[in-house]
Amino acid sequence: NKWYFEGEHRQAISAYLQALRLDPDYSNAWLNGAVVWAQLGQLETSSQWYKKAAKLSPKDHAIQVAFAEVMLRMGDSKASQDKFERALKLDGEDIHALIGLGRLNHSVGKLEEGIAYLAKAARIKPHQTLAHFFLGQVREEAGDDVGAISAYKEAAFSDSYFTQARFHLSKSFARLH
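Remember, predicted model here, so these are calculated numbers, not experimental data.

### Topic: the overall build of the chain
Helix and strand counts for the chain stand at 11 helices and zero strands. Moving toward the C terminus, one meets the helices and strands of the chain in the order α-α-α-α-α-α-α-α-α-α-α. On the principal axes, the C-alpha backbone points of the chain span a range of 65 × 35 × 25 Å. Considering only contacts within the chain whose residues lie at least 6 apart along the sequence, 43% involve residues at least 24 apart. As displayed, the chain has an accessible area near 9800 Å², and 52% of this comes from carbon and sulfur atoms. The centroid of the 22 positive side-chain charges in the chain is displaced by 3 Å from the centroid of its 21 negative side-chain charges.

### Some thoughts on the packing of helix α7 (residues 95–107) against helix α8 (residues 111–124)
Contact pair α7 / α8: the axes reach a minimum separation of 7 Å and the direction vectors enclose 160 degrees. One way to sum up the angle between α7 and α8 is to call them roughly antiparallel. α7 and α8 meet at a crossing whose hand is left-handed. In contact with I95, L98, I99, L101, G102, N105 and H106 of α7, α8 contributes L111, E113, G114, Y117, L118, K120, A121 and I124. Per-class residue counts for the contact of α7 with α8 are nine nonpolar, four polar and two charged.

### Some details on the environment of S172
Relative to the helices and strands, S172 resides in helix α11 (residues 163–176). Residue S172 is classed as buried on the basis of its relative accessible area of 0%. Sequence-wise, S172 and D145 are 27 residues apart; in three dimensions their C-alpha atoms are separated by 5.9 Å. The contacts of S172, once residues within four sequence positions are left out, are E140, A148, I149 and Y152.

### Digging into α8
For α8, built from 14 residues, the straight-helix expectation of 20 Å at 1.5 Å per residue is met to within 8% by its first-to-last C-alpha distance of 20 Å. On its buried face, α8 is in contact with α7 and α9 (129–141).

### Examining the pattern of salt bridges
This structure, assessed with the given rule, holds seven salt bridges. Across the pair K83 and D82 runs a salt bridge, and its minimum N-O distance is 3.4 Å. What makes K83 buried here is its relative accessible area of 11%. Of the charged contacts in the structure, one is a salt bridge between R86 and D82, with a shortest N-O distance of 3.2 Å. One end of the pair is R86 and the other is D82, both in helix α6 (residues 77–90) and four residues apart, which spans about a single turn.

### As for the packing of helix α5 (residues 61–73) against α7
Two elements in contact, α5 and α7, have axes separated by 10 Å at closest approach and are oriented at 20 degrees. Taken together, the axis directions place α5 and α7 in an arrangement best described as roughly parallel. The element α5 and its partner α7 pack so that their crossing is left-handed. Residue-level contacts link V65, E69 and L72 of α5 to H96, A97, G100, R103 and L104 of α7. Split by residue class, the contact of α5 with α7 holds four nonpolar, two polar and two charged.

### A word on the packing of aromatic side chains
Inspection of the entire model under this criterion finds six aromatic pairs. The interplanar angle of 65 degrees and the centroid separation of 4.9 Å between the aromatic rings of W30 and W49 together place this pair among those described as edge-to-face. Linking W30 in helix α3 (residues 27–39) with W49 in helix α4 (residues 43–56), this pair joins segments that are 19 residues apart in sequence. Of the two residues, W30 and W49, neither departs from the other in class, the shared state being buried.

Rules behind the numbers
- Residue positions are counted from 1 within each chain, in the order its sequence is given.
- A pLDDT threshold of at least 70 governs which residues receive local features in this predicted model, and a stricter bar of 80 or more applies before side-chain atom pairs are shown or counted, although totals over entire chains, interfaces and linings include all residues.
- Side-chain measures here rest on the full set of heavy atoms in the structure, leaving out hydrogens and waters.
- Counting from the N terminus, the helices are DSSP H or I runs at least four residues long and the strands are E runs at least two residues long.
- Only heavy atoms matter for contacts: two residues are in contact if any of them lie within 4.5 Å across the pair.
- Accessible areas in this description were obtained via Shrake-Rupley with a 1.4 Å probe; residue shielding takes into account the shown protein chains only.
- In this tally, Lys and Arg are treated as positive and Asp and Glu as negative; His is ignored, and so are the chain termini.
- By convention, the point assigned to a charge is CZ for Arg, NZ for Lys, CD for Glu and CG for Asp.
- Here, axes are lines fitted to C-alpha atoms. For helices the fit covers the stretch in contact, and angles between N-to-C directions go from 0 to 180 degrees.
- Orientation is classified from the angle alone, with under 35 degrees giving roughly parallel, over 145 giving roughly antiparallel, 65 to 115 giving roughly perpendicular, and any other angle giving oblique.
- Here a crossing is called left-handed whenever its near helix is offset anticlockwise from the far helix by less than a right angle, and right-handed whenever the offset is clockwise.
- Asp, Glu, Lys and Arg are counted as charged, while Ala, Val, Leu, Ile, Met, Phe, Trp, Tyr, Cys and Pro are counted as nonpolar; the rest, among them Gly, fall into the polar class.
- Burial status follows relative accessibility: with a 1.4 Å probe on protein chains alone, a residue under 20% of its type maximum counts as buried, one over 50% as exposed, and anything between as partly exposed.
- Expected span, for any helix, means 1.5 Å times one less than how many residues it has.
- Here, a salt bridge means any side-chain nitrogen of Lys or Arg that lies within 4 Å of a carboxyl oxygen of Asp or Glu.
- Only the six-membered ring of Trp is used, alongside the rings of Phe and Tyr, when aromatic pairs are assigned; centres must lie within 6.5 Å, and planes under 30 degrees apart are stacked while those over 60 apart are edge-to-face, with the rest tilted.

This is how it looks when you write it as structure tokens:
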């Protein structure tokens with residue numbers, strides 16, 4: 001809605017609430033409201049709105065991924081994993097679900113699983129900067145400097161302005177020399 005794109009988040013929420021009074025099963029209003037609540041830092045409210053959107057549109061993998069990201073931000077790795085996996089059941093090549101599961105597994109110390117998800121995302125979409133960047137981070141933590149360098153190179157090549165990739169690439173080279 002226009003309020004959202006003008007940065008008027010409270011007005012956007014009001015518009016979504018008005019739309020939901022007219023049609024309580026309007027999943028896009030629930031979804032868009034969830035996004036705004038998350039941006040306002042109201043993660044619990046956002047998760048409730050995502051839950052409603054997901055219930056109304058159970059085959060929408062993008063809703064599952066967005067819901068998973070909020071759950072991850074809330075520190076609920078189990079719920080986050082469940083949502084990411086649901087998204088992958090709906091679309092086995094959902095890049096964002098693969099990256100999310102890679103990051104999630106990395107955060108809980110499951111490095112090999114994290115590498116597997118991120119490597120798959122990088123294979124499916126070779127120019128996906130974040131897949132390569134996060135893959136480099138996990139490989140770096142796993143002690144695989146050569147693999148980290150390869151991943152960071154790909155991230156830097158796909159977006160030469162991505163300074164974090166260049167920084168980590170330099171750091172990985174320095175460890176090898």
